[in-house]
Amino acid sequence: MGCLGSKDRLTKEDMEFLKTHTRYDEATIKEWYKGFKQDCPNGRLTPAKFVDMYKMFFPSGNAEEFCDHVFRTFDMDKNGYIDFKVSEISSYD
């Protein structure tokens, strides 16, 4: 569902989809996408990268167990990674 690959910017269709399926405006979506691409240049958030990011914010938490559960929730198409489009809409549909 919604593989954006390694594009440097969102397509018009992706932008319209995200504006329609979230509560965010175009400027906010662009800013979030910019940050996502900085953290995940290839456009894919892997389980290992997800755990690393969680550990930065919650160094004393049980990162692996928690992140495994959360990652499975957001990896809606079960392809082993989270892309920007899926991660943005999964909690709003």
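Only a predicted model underlies this, so the values are computations on that prediction, with no experimental measurement involved.

Q: Quick question: what am I supposed to make of the overall build of the chain here?
A: Secondary structure summary: the chain contains five helices and zero strands in total. Put simply, the chain runs from its N terminus to its C terminus through helices and strands in the order α-α-α-α-α. Counting every position in the chain, which comprises 93 residues, the buried fraction comes to 35%. In the chain, the share of contacts with a sequence separation of at least 24, taken over all contacts with a separation of at least 6, comes to 56%. Only carbon and sulfur atoms are counted for the fraction: they give 55% of the accessible area of the chain, which is about 6,100 Å².

Q: Would you explain the environment of Arg 9 in this entry?
A: With respect to the helices and strands, the residue Arg 9 is situated in the segment before α1 (12-21). Distance in space between the C-alpha atoms of Arg 9 and Lys 37 is 9.0 Å, their sequence separation being 28 residues.

Q: Explain the confidence of the model for the chain here, please?
A: Keep in mind that low pLDDT regions are not for reading the predicted coordinates in detail. In the predicted model, the chain carries a mean pLDDT of 82, and the fraction of residues at 70 or more is 84%. Element-level pLDDT for the chain is lowest in helix α5 (residues 84-89), with a mean of 59, against a maximum mean of 93 in helix α2 (residues 26-39). For residues 1-6, every residue scores under 50 in pLDDT, and the model assigns this stretch 23 contacts once sequence neighbours within four places are set aside. Low pLDDT, under 50, characterises residues 89-93; the predicted model gives this stretch twelve contacts beyond four residues in sequence or across chains.

Q: Looking at this structure, I do not really get a nonpolar patch on the surface. What am I missing?
A: A cluster of nonpolar side chains, contributed by Met 56, Phe 57 and Phe 58, occupies part of the molecular surface with about 400 Å² of accessible area. Following the sequence through the fold, Met 56 ends up in helix α3 (residues 47-57).

Q: Just checking my understanding: could you explain unusual backbone geometry for this structure?
A: Glycine aside, residues mostly have negative phi, and peptide bonds are mostly found in the trans state. The residue Lys 78 is not glycine, and still its phi comes out positive at about 55°. Among the structural elements, Lys 78 can be located in the loop between α4 (63-74) and α5. The exposure class of Lys 78 is exposed, given its relative accessible area of 58%.

Q: Can you walk me through the nonpolar core in this structure?
A: In this structure, Leu 10, Ile 29, Leu 45, Phe 50 and Phe 84 are the most contacted members of the largest nonpolar core, which totals 18 residues. For this core, the secondary structure elements donating two or more residues are α1, α2, α3 and α4. Element by element, the count of residues in this core is highest for α4, at four residues.

Conventions and cut-offs
Residues numbered from 1 in each chain as written. Predicted model: local features only at pLDDT ≥ 70, side-chain atom pairs only at ≥ 80, totals over all residues. Heavy atoms only, no water. Helix = DSSP H or I, 4+ residues; strand = E, 2+ residues; numbered from the N terminus. Buried < 20%, exposed > 50% of the residue type's maximum accessible area, 1.4 Å probe, protein only. Contact = heavy atoms within 4.5 Å. Areas by Shrake-Rupley, 256 points an atom, 1.4 Å probe, with all protein chains shown as cover. pLDDT = per-residue confidence, 0-100. Patch = residues over 30% accessible without salt bridge, like charges linked within 9 Å, V, L, I, M, F, W, Y side chains within 5 Å. Salt bridge = Lys/Arg side-chain N within 4 Å of Asp/Glu carboxyl O. Core = buried A, V, L, I, M, F, W, Y, C linked by side-chain atoms within 4.5 Å.

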